[in-house]
Amino acid sequence: MSVEGKRLSRDLMAARVAAEFDDGWVVNLGVGMPTRCSDFVPEDRTVILHSENGVIGYGRNATVEEATPYVVNGGAQPVLLTPLASIVHHADAFAIIRRGLLDVAVLGAYEAAANGDFANWRISGRKGGGIGGAMDLAVGAKQVFLLLEHTTRDGRPRLLERCALPLTAAGVVTLVMTDLGLFEPAGDSFRLREIAPGFSVDDVQQLTGAPVVPASDLREVTV
Amino acid sequence: MQSKVVASFEEAVAGVEDGSSILVAGFGEPGSPHNLVAALYEQGATDLTLIANGAGMTRDDGVITTGNLVEEKRVRRVVLAFTASTHPSRRTPLEELNEAGKIEAQITPQGTLAERIRAGGAGIPAFFTPAGVGTEVAEGKEHREFGGRTYVLEEAIVADYALIRCWKADTFGNLVFRRSQRNFNPIMAMAADCTLVEAEEVVEVGELDPDLIHTPGIFVQRVVSIPEAGGMLNAPPLAMFSGRPRS
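Cut-offs applied
- Residues numbered from 1 in each chain as written.
- Chains lettered and ligands numbered in written order.
- Predicted model: local features only at pLDDT ≥ 70, side-chain atom pairs only at ≥ 80, totals over all residues.
- Heavy atoms only, no water.
- Helix = DSSP H or I, 4+ residues; strand = E, 2+ residues; numbered from the N terminus.
- Buried < 20%, exposed > 50% of the residue type's maximum accessible area, 1.4 Å probe, protein only.
- Polar contact = N/O pair within 3.5 Å; in protein donor to acceptor, adjacent residues only side chain to side chain.
- Contact = heavy atoms within 4.5 Å.
- Pairing = 2+ DSSP bridges.
- Phe/Tyr/Trp six-rings, centres within 6.5 Å; stacked < 30°, edge-to-face > 60°.
- Lys NZ or Arg CZ within 6 Å of the ring centre and 35° of its normal.
- Buried area = accessible area lost by both parts, 1.4 Å probe.
- Salt bridge = Lys/Arg side-chain N within 4 Å of Asp/Glu carboxyl O.
- Axes fitted to C-alpha atoms, helices over the stretch in contact; angles between N-to-C directions.
- Disulfide = S-S within 2.5 Å.

Enquirer: Looking at this model, I keep getting lost on the side chain of Asn53(A). Mind explaining?
Expert: Looking at the secondary structure, you find Asn53(A) in the loop between strand E2 (48-50) and strand E3 (55-61). When its relative accessible area of 0% is taken as the criterion, Asn53(A) is described as buried. Of the polar contacts made by the side chain of Asn53(A), one reaches the side chain of Ser51(A); its length is 2.3 Å. Not counting residues up to four positions away in its chain, the partners in contact with Asn53(A) are Val72(A), Asn73(A), Val88(A), His90(A), Phe27(B), Ser180(B) and Asn183(B).

Enquirer: Please explain the pairing of strand E12 (residues 190-195) of chain A as it appears in this structure.
Expert: Regular strands have side chains that alternate between both faces of the sheet. All names here are of chain A. Most of E12 sits inside the fold, with five of its six residues counted as buried. Here strand E11 (residues 181-185) runs beside E12; their pairing, made up of five bridges, is antiparallel. Counterpart to Glu184 in the pairing with E12 is Arg191. Where E11 folds back onto E12 in an antiparallel hairpin, the turn is made up of four residues, including Gly187, whose phi is positive at roughly 105°.

Enquirer: Would you mind showing me how to read the packing of aromatic side chains here?
Expert: The relation between two aromatic rings is expressed through the spacing of the ring centres and the mutual angle of the planes. One pass over the structure, following the stated rule, counts four aromatic pairs over all chains. Here Phe183(A) and Phe190(A) contribute two aromatic rings whose centre-to-centre distance is 6.3 Å and whose plane-to-plane angle is 80°, an arrangement assigned as edge-to-face. Judged on exposure class, the residue Phe183(A) and its partner Phe190(A) are both buried. Between the aromatic rings of Phe146(B) and Tyr151(B), the centroid separation amounts to 5.7 Å while the plane-to-plane angle is 75°, which identifies the pairing as edge-to-face. Against the face of Trp167(B) rests Lys168(B), its NZ or CZ located 4.6 Å from the ring centre.

Enquirer: Help me out: how do you make sense of the interface of chain A and chain B in this one?
Expert: When the parts of a complex come together, some accessible area is lost, and that lost area is often used as the size of the interface. Residue-level contacts link 50 residues of chain A with 55 residues of chain B. Between chain A and chain B the total buried area reaches about 4400 Å² when both faces are included, carbon and sulfur atoms providing 59% of it. Counting every contact that joins chain A to chain B gives two salt bridges. For Arg126(A), the salt bridge goes to Glu95(B), with nearest N and O atoms at 2.3 Å. Summed over the shared surface of chain A and chain B, the number is 19 residue pairs in polar contact (both at pLDDT 80 or more).

Enquirer: Explain the sheet that holds strand E7 (residues 149-155) of chain B here, please?
Expert: Strand-to-strand pairing in sheets goes through backbone hydrogen bonds, with the strands running parallel or antiparallel. Residues and elements named next belong to chain B. Read from one edge to the other, the open sheet built from three strands follows the order E5-E7-E6, with strand pairing classed as antiparallel. Pairing within the sheet leaves two strands with one partner each, and these edge strands are strand E5 (126-129) and strand E6 (143-146). Each strand of the sheet is rotated relative to its neighbour by a mean of 40°, with strand direction disregarded. Contacting E5 and E7, helix H5 (residues 110-121) crosses the sheet at an angle of about 150° to E5.

Enquirer: What is the right way to read the pattern of salt bridges from this model?
Expert: Pairing between side chains of opposite charge can happen when the charged atoms of each approach one another. In the structure shown here, the tally under the stated rule is 28 salt bridges over all chains. One salt bridge connects Arg76(B) with Asp47(B), and the closest N-O pair in it is separated by 3.2 Å. Residue Arg76(B) is located in strand E3 (residues 75-80), and its partner Asp47(B) is located in the loop between helix H2 (34-43) and strand E2 (48-51); the two are separated by 29 residues in the primary sequence. The exposure class of Asp47(B) is partly exposed, given its relative accessible area of 35%. The partner of Arg118(B) in a salt bridge is Glu115(B), with the nearest N and O atoms 3.0 Å apart. Pair noted here: Arg118(B) and Glu115(B) are both in helix H5, with a separation of three residues, about one helical turn. Accessibility expressed as a relative area gives 13% for Glu115(B), which makes it buried. In the salt-bridge network here, residues are joined through shared partners; they are Arg16(A), Glu20(A), Glu184(A), Arg191(A), Arg193(A), Glu194(A) and Arg219(A).

Enquirer: I tried to follow the sheet that holds strand E4 (residues 79-87) of chain A on my own but got confused; where do I start?
Expert: Residue and element names in this part refer to chain A. Here ten strands make up an open sheet; going across it, the order is E4-E3-E2-E1-E5-E8-E10-E11-E12-E13 and the pairing mixed. A strand with exactly one partner marks an edge of an open sheet, and here the two such strands are E4 and strand E13 (212-220). If you compare each strand with its neighbour and ignore which way they point, the axes differ by 30° on average.

Enquirer: Just checking my understanding: could you explain H2(B) for this structure?
Expert: Residues three or four positions apart in an α-helix share a direction because the helix packs 3.6 residues into each turn. All names here are of chain B. In terms of burial, H2 is a largely internal element, eight of the ten residues being buried. Among the residues of H2, those classed as buried are His34, Asn35, Leu36, Val37, Ala38, Ala39, Leu40 and Tyr41. Among the structural elements, helix H1 (9-12), strand E1 (21-24), E2, helix H3 (66-71), strand E8 (159-170) and strand E10 (192-203) are those in contact with the buried residues of H2.

Enquirer: I'm lost on the state of the cysteines in this one. Help?
Expert: Residues and elements named next belong to chain B. Under the counting rule described, the total for this entry stands at zero disulfides over all chains. Looking at the unpaired Cys194, the closest cysteine sulfur is the one in Cys166, lying at 15 Å. Overall, Cys194 belongs to the buried group, its relative accessible area being 10%.

This is the structure we're talking about:
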């Protein structure tokens, strides 16, 4: 396969997802790539970042000089607080989630399915796993966005018709950002809204385990 | 009233019996009771049940973690939100023991874990949550519909001991946490029969503003003041950068 394009960087993926956040939204960023989004929230918007450990209203990642042992995000990385910050304990952090106050949870994933299912807690062939807050977030947030690489390290698709790994939650995903583009689960296919520069729809289809249907207004990923 | 302050971490954990169940607070570095965990490790209690966010990791910077207790097979059972690494390349002692059938590892969604502990501390035996419905963690549990939505019944957690880290304590055991140090600490302090606290600063009764106390002293049995020398007052911030540091 001849592919001219270069896959999107992690920072670009995070920035593109952050561009979806509306002014006033309460947003939870999951461990891994999603926590990167806190560095890319558009300056013209106030977004309240919530984390499982009870920090409400954190901001960007801290520099080594700025970091303290007291403030971390859901990935346990040092972050800064914004002026509107408040702190609750762990059970109240999840009360906020179950109560339905989160506009979106951005989560990492191993697999995303066309029917809106996703899997992000157990690797194939392993016993046990890491659920973290994902199952609570997936059923509590108004929307679930996924941020993941389009294929595994050995080139297999992560976007599938149905998940093969044990589910984190069923039918909840509304947006999927990968290093090849921006997708919406559409039942039996993925609707391709934006595509990484240099890739064709056919290129993306070849690397996807479900039908890819380009949107009528398909464009390149821009931030 | 007698002060709850004891002289050393060793004294604080002296009574922990084999077979005890222990809540261990902390989320990442903040609020992790490293000194009490290290003292428990030295104390030797075994056949333990640990309830925490995670207990898989051992560290190479000299900090003793619950992962060391697991590695030395002193833990019979864990209840955690993370029982294995989410990175394919990493494996923990817990995961290996779990695969070998040598430890009982119950995985539970983190919000369910927090609410089970909160319920335990609040005298509520069980509750319904939507988290995990339709997944492996809800299998075999009672389900019920409320308002057209399906929920799963989850049972409360109480334990013999809680290991707590706070910013300030008074000699009665009133506690104040700083920033995200709070995490599991207040709910775990309420859910244990015997709550042991390591405090960055211990003050006299009356010095903390009652309106600003997070955990009332009635939930606390023993307090240790973390010494400036020889105690792990705070991990250096650099150790917290598990991902990329921002430059």
